[in-house]
Each structure stands twice: as C-alpha cells, then as structure tokens.
Amino acid sequence: MNPRSLRLRLVAWYAGVLTIVFVLLGVLTLFFLQHYLEANLLDTQAQRARQIAATLLAHAGANDEPAVRTQVENLYSPEANDRFIRITRADGQLVYASGAPKDARFDPARVPPLHSGDIDGKSRKVRGPDGSLLIAALAATGTDGTRYRVEVGAAGAPIEATLIHVLIMLAIGLPIAVCVAVAGGFVLVRRALDPVERMARKAEEITQHNLSERLPVVRSGDELERLSVSLNHMISRLEEAIHGSKQFVADASHELRTPLTVMRGELESLAQDGQLRGETREALGSVLEEVERLAEIVEGLFALSRLDAGEAHSEWVRFDLTELAATTAEQMSLLAEDKRVSVACESSPAVIVAGDRARLKQVVVNLLDNAIKYTPSGGRVALSVRRDNGHAVLEIADNGVGIPADALPHVFKRFFRVDDSRSREQGGAGLGLSIVKSICTAHSAVVEVTSAPGKGSTFRIKQPLAEDAAAHSR
Ligand SMILES: Nc1ncnc2c1ncn2[C@@H]1O[C@H](COP(=O)(O)OP(=O)(O)O)[C@@H](O)[C@H]1O
Ligand SMILES: [Mg+2]
C-alpha cells in the first residue's frame, strides 16, 4: 500500500492522537486515584488519632500513662493490624510506641519524630525500604494539662498494590483499545474514501474516445458528491469542446474537397495545352503536385473525422483477410516495380474477419505504401496473414530505412513524420498511420510496430476472427 495514501495518513494521525489521549487519561486516572486512596487512608488514621485523643488522653494525666499504653494495645493491637501508633509528650518524651508490624513493612523505631510545634491535623508520608507509611498527627491535652502528640499511621502498600493493578490493566487495555479504535477508523476511512477510489478508476478509463461516460456520483450530499458532480460538468464541457473541434475539422475538410477537385481538374486540362511555354508548364506541373498533396491531406483529414464519428461500422461484412491482402499487394505491385522493390505475399488458408472491407483495405494500402516508400530500391517487402489463437494477424515487413527508437511511440500520431524533408520529398502528409490506427481501433484490432534503423520495420495488426468479432461488436 502506498505509504503516502490519505487513508494511511489519516489512520496514523488518528492512532497517534488517540494514543496520546489514552496515555494522558491513564496518567490522570492513576494520579487522582492515588490521591483519593491516600486521602481516604489518612482520613481513617486521623479519625483513629482523634479517638485516642478524645477517649484515652482527654481523661488521663501524666500518672495514667501506663494505663493508656495498655488500653491502646488492647483496643487497637497495632502490631497485629499492621498499624503504627506513637504518643509523645510535647517535650519529646515518648509515652507509647507500637512495635514492628507482623508483615514487617516498616520499622517503627526508624520513623522520624515530629518537629513542628503546631502538629494538629498534620499528615505526612514517610518512605521506608519496603514502601511508604502514611501518618496522621494530632495534638491532645490530658486532665492535668500535659500536652501530647498522637501519631497514627498505616502502610501505603495496599494503595501501591492497587495502583500497580490499575497500571497493569491500563497497560493491557490501552493498546487493545487503540487497536480496536484504529481498526474501526480504518474501516470508516476506507468507506469514506471508497468513492474517491472508484472515481479515480473511472477517470483513468475516460479518454477522448469515451468522453460520453461519466464518473460515478455518490449521493452522500458531502464534498465528495460535489467533487464528482463538478468533475462530471468539466468532462461535459471538454466533450463539447472536443466535439466542436472535431466537427470543425470534419466540416472544413468536407468543404475543401470540392474546390480542390475543381482546381485539380482545371489545372490538369490547362497542363494539356500544347501551346504552353516550357517554364509555364513546369510551374503548372509543380502547382498541380502541391494541389494533389493538399487534396491528399484533406482526404486524410476527412477520413479521420469520419472515423472519429464512428462511421467505420456502417458497412460491416465478413470477408477473407488473406484474399484482401493478396489483391491489394497485386494492385500495388506497379508502384513497387517502379521503385524496384519486391513485394512477396505469403499465400495461406482463408482467415475470415468481420469489418468494413474498404476501410481495412485502406489499412493494407497505407502500410504497403509506407513499406515501399521507405525501402530503397532493391529492397524487399513481405506481407503475410495468419491465424493466431482467435486472432487474425496481418504482418507487413520491409528491410528499408527503419524508424529510430525515439520516434517509434509517435508514428501513429497525426501529421507525425520521422524525417520531414525526406517524407515531404516522397509526398507523405503524416496521416497514413493515424488513419491505420483509427481503423484498427474501430475494428477492435491492435496495431504495433517493431523497427531497427537501417534494418527495416514490421507492422503487425491483430484483429479478432469473425466469430469473436461478432461477440465484440455486440
Ligand atoms: N515502413 C516504414 N519504414 C520506415 N519508416 C516508416 C515506415 N512506415 C512509417 N514510417 C515513418 O512513420 C511516419 C508516419 O507514417 P505515415 O503516417 O504513413 O506518414 P507518411 O505520410 O509520411 O507516410 C513516416 O513519415 C515515416 O517516417
Ligand atoms: Mg504513409
């Protein structure tokens, strides 16, 4: 798949943004969860500290401290419950300190004492080697006015375990969520861009020969519908413009034919006047030659415009291509003899094709004419017709001047001549091969050429046999 395709880029952006959003969301979730759980835990510890302060210390004096110790042990059993409880006098004298918890998560002896004077409602987090300890602190006053500090704490380990659990869930769930979202996005984008793909495929098929066809219009009411409608309008305008220019060529060539015929007739009869001076006769001869050339060009243009209009189908018959090739070669043998070029026609069994016989004869004439024209005297031209898997293949090969490789792709273009000066000398207008191509296209035939300069050229036409041609035209 094309890495720069809109589909891939959209999905890549979508996946990137989604991942960032999910990761941010995950981080925020963890952050707030930690704060919530820690605040909750501290709240419980603070409540316990208040209980100790209100129920035990508020009713005791300095002398009752041993009793307070036992009561705390009995009521809260901090070691068994993995709790930290410490009571100190304001002067720093220790009243009570819980022992090491049974899971040994923290060492109470190493929990640093409180320093600040005002400790009421203070909470802190002490980091130990096996995790943190969350401690809430409170001030209390005994019956004799002794001031105490109560510290109650619990291990942060369960919170950390919960956070790790959530983290693992996020680490597994997040990529899955991103994958599912990206797959969904991919399908959506593909569906959204599908009309573009279809439009591109159709646009690729539309050429000047099938300009009446239109791009598929998606009735989605969105930008794509607008685009397809606009492109179709553009194709309509192009169709009109091309039709107009074709019509112009057709009309012009049609209109030019009559005056040219009249001119040629007049000039020919003038040239026959025996009283003309030598120079005048010569000048007349050269004018006549140019008029003939002009008439040939006009005929060529007229033929092309009729082919463009699809008139090749008018006289569709079945006939033997071998016979057509042989008679045409026979008819052109005089021209070949003039140039001392031999034309050999390979006789073979009948190859029946369907089409406009006169037009296909024109193809053979044009190709033979070129082969003879572009082969120096003493050269050979070989013509053959054969069957080749459902096709009739007509081949005209010569050992003449050949066509340079850079000119080969252009020989079927209108008015193209490899060597303008040489062709002009030989009277070509550069329309012969484009007529061949147009006729072939109208007959579902393909024409190809292979050539080596100095060695010769071979023109090959592949046309469906009559049975297949019938299917084609249907
Ligand atoms: N058999 C061939 N050998 C060499 N060159 C050829 C041959 N057929 C065509 N060409 C080249 O292709 C050009 C186009 O041919 P065509 O359309 O028939 O025009 P033209 O009127 O010049 O014959 C010719 O001018 C010629 O240069
Ligand atoms: Mg020609």
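The structure displayed is predicted, hence computed values, not measured ones. Note that residues are indexed from 1 along each chain, following the sequence as it is written. All chains are assigned letters beginning at A, and all ligands numbers beginning at 1, according to the order in which they are written. With pLDDT at 70 or above as the cut-off, local features in this predicted model cover only qualifying residues; side-chain atom pairs require 80 or more to be listed or tallied, and sums for whole chains, interfaces and linings still use all residues. Side-chain numbers here rest on the full set of heavy atoms in the structure, without hydrogens or water.

Focus on the sheet that holds strand E4 (residues 131-141)
Here's step 1: Read from one edge to the other, the open sheet built from five strands follows the order E2-E1-E5-E4-E3, with strand pairing classed as antiparallel. Strands at the two margins of the open sheet, each flanked by one partner only, are strand E2 (94-97) and strand E3 (123-128). Mean inter-strand twist for the sheet, computed between neighbouring axes without regard to direction, equals 20 degrees.
Here's step 2: Two strands qualify as a pair provided DSSP detects at least 2 bridges between them. Secondary structure elements are taken from DSSP: a helix is a run of H or I of four residues or more, a strand is a run of E of two residues or more, and numbering for both begins at the N terminus. Here E4 pairs with strand E5 (residues 147-155) via nine bridges, running antiparallel. To get an axis, a line is fitted to the C-alpha atoms, and for a helix only the part in contact is used. The angle between two axes follows their N-to-C directions and goes from 0 to 180 degrees.

Some remarks on the site of ligand 1
Here's step 1: Nearness here has a simple test: a residue counts as near a molecule or strand if at least one of its heavy atoms is within 4 Å of that partner. Around ligand 1 there are 22 residues in total, and Asn370, Tyr374, Asp398, Gly430 and Leu433 lie nearest to it.
Here's step 2: In the analysis that follows, any N or O atom pair within 3.5 Å is treated as a polar contact, provided that within protein one partner can donate a hydrogen and the other can accept it, and provided that, for residues neighboring in sequence, both atoms belong to side chains. In this structure, glycine 432 approaches ligand 1 through a main-chain N or O atom, which is 3.3 Å from an oxygen atom.
Here's step 3: Residue assignment for the shell around ligand 1 shows that the elements contributing at least two residues are helix H8 (357-373), helix H9 (420-425), helix H10 (432-442) and strand E12 (456-464).
Here's step 4: Top element by residues in the shell around ligand 1 is H8. It accounts for three residues.

Here's the deal with the pairing of strand E11 (residues 446-452)
Here's step 1: Of the two faces of E11, only one is covered, namely that formed by Val447, Val449 and Ser451; the face formed by Val446, Glu448, Thr450 and Ala452 stays uncovered.
Here's step 2: Where E11 meets E12, seven bridges bridge the pair, whose relative direction is antiparallel. Counted as the bridge partner of threonine 450 is threonine 458 from E12.
Here's step 3: In textbook terms, the turn of a hairpin is the stretch between consecutive antiparallel strands, and for E11 and E12 this stretch comprises three residues, one of which, glycine 454, has a positive phi near 85 degrees. Residue burial is assigned from relative accessible area. The probe radius is 1.4 Å, only protein chains are included, and a residue is buried under 20% of its type maximum, exposed over 50%, and partly exposed in between.

A look at the domain arrangement of the protein
Here's step 1: All domain edges in this entry derive from an automatic or database-based domain assignment. Here the protein is partitioned into domain 1 (6-164), domain 2 (223-305) and domain 3 (314-473).
Here's step 2: Summarising the inter-unit geometry, the C-alpha centres of domain 2 and domain 3 are found 24 Å apart.
Here's step 3: Whether two residues are in contact is decided by their heavy atoms, any of which lying within 4.5 Å being enough. With eight residues of domain 2 at the interface, the matching set in domain 3 holds eleven residues.
Here's step 4: By buried area we mean how much accessible surface two parts lose on assembly, using a 1.4 Å probe and totalling the loss over both. Summed over both partners, the interface of domain 2 with domain 3 buries about 800 Å², with 61% contributed by carbon and sulfur atoms.
Here's step 5: When residues of domain 2 are sorted by the area they lose upon contact with domain 3, Arg293, Ile297 and Leu304 head the list and together hold 65% of the total.
Here's step 6: Between Lys or Arg on one side and Asp or Glu on the other, a salt bridge is scored when a side-chain nitrogen of the former is within 4 Å of a carboxyl oxygen of the latter. On the surface where domain 2 and domain 3 come into contact, there are zero salt bridges.
Here's step 7: At the junction of domain 2 and domain 3, the tally comes to zero residue pairs in polar contact (both at pLDDT 80 or more).
Here's step 8: When residue character is reported, Ala, Val, Leu, Ile, Met, Phe, Trp, Tyr, Cys and Pro are called nonpolar, Asp, Glu, Lys and Arg charged, and the others, Gly included, polar. Considering only residue class, the side of domain 2 that touches domain 3 consists of four nonpolar, one polar and three charged.

A word on the pattern of salt bridges
Here's step 1: In this structure the tally under the stated criterion is 17 salt bridges.
Here's step 2: For arginine 214, the salt bridge identified is with glutamate 239, shortest N-O distance 2.8 Å. Here arginine 214 is found in the loop between helix H3 (157-205) and helix H4 (223-271), whereas its partner glutamate 239 is found in helix H4, with 25 residues between them in sequence.
Here's step 3: Under the relative-accessibility criterion, arginine 214 is labelled partly exposed at 27%.
Here's step 4: A salt bridge links arginine 219 to glutamate 225, with the nearest nitrogen and oxygen atoms 2.9 Å apart.
Here's step 5: Connected through shared salt-bridge partners, Arg386, Glu395, Glu448 and Arg460 make up one network.

Some points on the environment of proline 112
Here's step 1: The residue proline 112 is located in the loop between E2 and E3 in this model.
Here's step 2: Sequence-wise, proline 112 and valine 126 are 14 residues apart; in three dimensions their C-alpha atoms are separated by 8.4 Å.
Here's step 3: Setting aside residues no more than four positions away along its own chain, proline 112 makes contact with Arg86, Arg124 and Val126.

Quick word on the nonpolar core
In a soluble, globular protein the nonpolar side chains are often hidden away together inside.
Here's step 1: Residues grouped as a nonpolar core are buried Ala, Val, Leu, Ile, Met, Phe, Trp, Tyr and Cys residues, joined through side-chain atoms within 4.5 Å. The biggest cluster of nonpolar side chains holds 45 residues, and the ones touching the most others in it are Leu321, Leu367, Leu368, Ile396, Val436 and Ile461.
Here's step 2: The element that contributes the greatest number of residues to this core is H8, accounting for seven residues.
Here's step 3: Built from parts of two domains, this core gets at least three residues from each of domain 2 (223-305) and domain 3 (314-473).
Here's step 4: With residues near it in sequence (within four places) discarded, isoleucine 461 still touches Val363, Leu367, Ala392, Val393, Leu394, Val436, Cys440, Ala445, Val446 and Val447.
Here's step 5: Judged by nonpolar contacts, the second largest core, of 18 residues, contains Ile52, Ala53, Val68 and Ile85.

Brief notes about the sheet that holds strand E9 (residues 380-388)
Here's step 1: Read from one edge to the other, the open sheet built from five strands follows the order E7-E9-E10-E12-E11, with strand pairing classed as mixed. Each having just a single partner strand, strand E7 (342-345) and E11 make up the two edges of the open sheet. Each adjacent strand pair in this sheet contributes to an overall mean axis angle of 15 degrees, direction not counted.
Here's step 2: Two elements, E7 and E9, share four bridges in a ladder whose sense is parallel. When the sheet's bridge partners are listed, cysteine 345 is paired in E9 with leucine 383.
Here's step 3: Contacting E7, E9, strand E10 (391-398) and E12, H8 crosses the sheet at an angle of about 25 degrees to E10.

As for the environment of valine 262
Here's step 1: Secondary-structure assignment places valine 262 in helix H4.
Here's step 2: C-alpha of valine 262 to C-alpha of alanine 15: the two residues are 247 residues apart in sequence and 77 Å apart in space.

A short note on the packing of helix H6 (residues 321-331) against H8
Here's step 1: It is at 10 Å that the axes of H6 and H8 come closest, and there the two elements cross at 50 degrees. When the interaxial angle is binned, H6 and H8 end up oblique. Note on packing geometry: the crossing formed by H6 with H8 is right-handed. Contact residues: Glu323, Leu324, Ala325, Thr328, Ala329 and Gln331 in H6; Arg357, Leu360, Lys361, Val364, Val365 and Leu368 in H8.
Here's step 2: Within the contact of H6 with H8, the residues separate by chemical class into seven nonpolar, two polar and three charged. Each angle receives one of four descriptions, namely roughly parallel if under 35 degrees, roughly antiparallel if over 145, roughly perpendicular if within 65 to 115, and oblique otherwise. The crossing is said to be left-handed when, going from far helix to near helix, the turn is anticlockwise and less than a right angle, and right-handed when the turn is clockwise.

Description of the packing of aromatic side chains
Here's step 1: Only Phe, Tyr and Trp rings take part, Trp by its six-membered ring, and two of them pair if their centres are within 6.5 Å. Stacked means planes under 30 degrees apart, edge-to-face means over 60, and tilted covers everything else. Using the criterion set out here, one finds two aromatic pairs in the structure.
Here's step 2: An angle of 80 degrees between the planes, with centres 5.4 Å apart, marks the rings of phenylalanine 31 and phenylalanine 32 as edge-to-face.
Here's step 3: Ring centres 6.3 Å apart and planes at 80 degrees place the aromatic pair phenylalanine 412 and phenylalanine 459 in the edge-to-face group. One end of the pair, phenylalanine 412, is in the loop between E10 and H9; the other, phenylalanine 459, is in strand E12, and 47 residues separate them in sequence. Each member of the pair, phenylalanine 412 together with phenylalanine 459, is buried.
Here's step 4: In this arrangement the basic side chain of lysine 437 is found over the ring face of phenylalanine 412, its NZ or CZ atom lying 5.5 Å from the centre. We call a charge positioned over a ring when the NZ of a Lys or the CZ of an Arg lies within 6 Å of the ring centre and within 35 degrees of the ring normal.

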